[in-house]
Amino acid sequence: MDGYVTVSYQYSESIIFAGTHDPAFILRVTTLGNGTDKNESFAKAFFGFLEKELGVPDNRGYMFVDFYILKRVIFNDPTPVNLAHKSTTFAVLLG
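All of the points below concern the structure found in this document. Quantities reported herein were computed from a predicted structural model and do not represent experimental measurements.

## Thoughts on the overall build of the protein chain
What the protein chain contains, in helices and strands, is 2 helices and 6 strands. Starting at the N terminus, the α and β elements of the protein chain follow one another as β-β-α-β-β-β-β-α. In the protein chain, the share of contacts with a sequence separation of at least 24, taken over all contacts with a separation of at least 6, comes to 58%. By element, 56% of the accessible surface of the protein chain is carried by carbon and sulfur atoms, the whole surface being about 6,200 Å².

## Considering a nonpolar patch on the surface
A surface patch of nonpolar side chains, amounting to about 320 Å² of accessible area, comprises Y9, Y11 and L54. Structurally, Y11 is set in the loop between strand 1 (4-9) and strand 2 (25-32). The exposure class of Y11 is exposed, given its relative accessible area of 58%.

## Things to note about the pattern of salt bridges
Summed over the entire model, instances satisfying the criterion amount to 1 salt bridge. Where E40 meets K44, a salt bridge forms, and the shortest distance between an N and an O atom there is 3.7 Å. Residue E40 and its partner K44 are both found in helix 1 (residues 39-54); the two are separated by 4 residues, about one turn of the helix. Residue classification places E40 among the partly exposed positions, given a relative accessible area of 22%.

Rules behind the numbers
Residues numbered from 1 in each chain as written. Predicted model: local features only at pLDDT ≥ 70, side-chain atom pairs only at ≥ 80, totals over all residues. Heavy atoms only, no water. Helix = DSSP H or I, 4+ residues; strand = E, 2+ residues; numbered from the N terminus. Contact = heavy atoms within 4.5 Å. Areas by Shrake-Rupley, 256 points an atom, 1.4 Å probe, with all protein chains shown as cover. Patch = residues over 30% accessible without salt bridge, like charges linked within 9 Å, V, L, I, M, F, W, Y side chains within 5 Å. Salt bridge = Lys/Arg side-chain N within 4 Å of Asp/Glu carboxyl O. Buried < 20%, exposed > 50% of the residue type's maximum accessible area, 1.4 Å probe, protein only.

Now the structure itself:
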């Protein structure tokens, strides 16, 4: 089975990130049928898109990933492999 992915991005002028009101984002990715091994490629693709299309640098946001299998949530705790920043996951950033 190929996996399915939905992405939620909500714009807010009032978001404060790293102490400033400069453009920033919080991105939630919901996936069905994909494993954590795809998170690194998701991070590169989504962070790159936000920087290119909206001009928001990859160090101005976080990406959270939720996993579903057969309509049941099996993950919603932001562990390093499921949380991204600077176009990569925290598993990579933290070594």
